[in-house]
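Chain by chain, the residues run as shown.
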Amino acid sequence: MRVLVRLRSAGVDEAGRGPLAGPVVAAAVMLDPGRPIRGLADSKVLEPEERERLARLIRARALCYAVAWADAEEIDSINILQATMLAMRRALLGLAIAPQAVFIDGNRCPGVRGLGFECPFEAVVRGDATVPSISAASILAKTARDALMRDLDGRYPGFSLSGHKGYPTPAHVAALNALGPSPLHRRSFAPVRVSDLSDD
């Protein structure tokens, strides 16, 4: 990795593996060394206002970026791990510039065949806290997913999606038990399966 960071690299991360509802969202970001962004960090440790501020800077200063997702139906069809890899591939396919190296947060890399470019891929555990381009991808993925869940809140009333963003809070589980799953819910996830069965 010490050599690869000198290359034109892309960082990739996801948001939304754990929720009971909504898509898993991935972002790929290629930072511009000539336009550094101070304060990049794992999105989970940033306050929402700071995440939004940094997301605006990333979109303005990055060489290129792309955001993509896999929806609940895809998650149920191929499982959350494979859906995450699919979302990451879609984000990489959306980059306007072909990277010379790709750094993925975590311990797995998505498949490289069919991406239209060839370069080294490296999985970096805790990369969202240590690799700036992955931190930037973490921030874009998180803010994009949060915005989407806020938008969906009005279409699926009763679940308070804008508050918990689909994560399994006690209030969300209670609403799920009372209302049953919506089309946004991941029926392969245990709490949703239980709720689904209780309606039969």
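Cut-offs used in this document
Residues numbered from 1 in each chain as written. Predicted model: local features only at pLDDT ≥ 70, side-chain atom pairs only at ≥ 80, totals over all residues. Heavy atoms only, no water. Axes fitted to C-alpha atoms, helices over the stretch in contact; angles between N-to-C directions. Helix = DSSP H or I, 4+ residues; strand = E, 2+ residues; numbered from the N terminus. Parallel < 35°, antiparallel > 145°, perpendicular 65-115°, else oblique. Left-handed = near helix turned anticlockwise from the far one by under 90°. Contact = heavy atoms within 4.5 Å. Pairing = 2+ DSSP bridges. Core = buried A, V, L, I, M, F, W, Y, C linked by side-chain atoms within 4.5 Å. Buried < 20%, exposed > 50% of the residue type's maximum accessible area, 1.4 Å probe, protein only. pLDDT = per-residue confidence, 0-100.

Here's the deal with the packing of helix α1 (residues 48–61) against helix α5 (residues 132–153)
At a minimum axis distance of 9 Å, the contact between α1 and α5 shows a crossing angle of 115°. Here α1 is positioned roughly perpendicular relative to α5, judged by the angle of their axes. Between α1 and α5 lies a crossing whose hand is left-handed. Facing Arg51, Glu52, Leu54, Ala55, Ile58 and Arg59 of α1, the residues of α5 in contact are Ala136, Ile139, Leu140, Lys142, Thr143, Asp146 and Arg150.

Observations concerning the sheet that holds strand β5 (residues 121–124)
Picture the strands of a sheet paired through backbone hydrogen bonds; they go either parallel or antiparallel. In space, the 5 strands of this open sheet follow the order β3-β2-β1-β4-β5, with mixed pairing throughout. Unpaired on one side and paired on the other, β3 (64–70) and β5 mark the two borders of the sheet. Ignoring strand direction, the axes of neighbouring strands in this sheet form an average angle of 20°. Looking at chain direction, strand β1 (residues 9–15) and strand β4 (residues 101–105) are connected through 4 bridges and run parallel. Residue Ala10 lies in a different strand from β4, and its bridge partner there is Val102.

Brief notes about the nonpolar core
Membership of the largest hydrophobic core comes to 38 residues, with the highest contact counts inside it found for Leu92, Leu95, Val102 and Phe121. Listed by contribution, the elements that provide at least two residues to this core are β1, β2 (24–30), β3, α3 (80–93), β4, α5 and α7 (170–179). Among the elements that take part in this core, α3 stands out by supplying 8 residues, more than any other. Once residues lying within four places of it in the same chain are set aside, the contact partners of Phe121 are Leu92, Val102, Ile104, Cys109, Pro110, Val112 and Leu115. Core analysis: the second largest hydrophobic core is formed by 16 residues, Ala55, Ile58, Ala62 and Ala136 among them.

Quick notes on the confidence of the model for the chain
Taken over all residues, the pLDDT of the chain has a mean of 93, while the share at 70 or more is 95%. pLDDT under 50 marks residues 1–5. Its contacts with residues more than four places away, or in other chains, come to 9 contacts.

Focus on the side chain of Ser9
If you trace the backbone, Ser9 turns up in strand β1. Not counting residues within four places of it along the chain, the set of residues in contact with Ser9 comprises Val29, Met30, Leu31, Ala101 and Phe103.

Considering unusual backbone geometry
Not every positive phi belongs to a glycine, and Asn79 is a case in point at roughly 85°. Judged by its relative accessible area of 40%, Asn79 falls in the partly exposed class. Here Lys165, not a glycine, exhibits a phi torsion of approximately 60°, which is positive. In this fold, Lys165 is placed in the loop between α6 (161–164) and α7.

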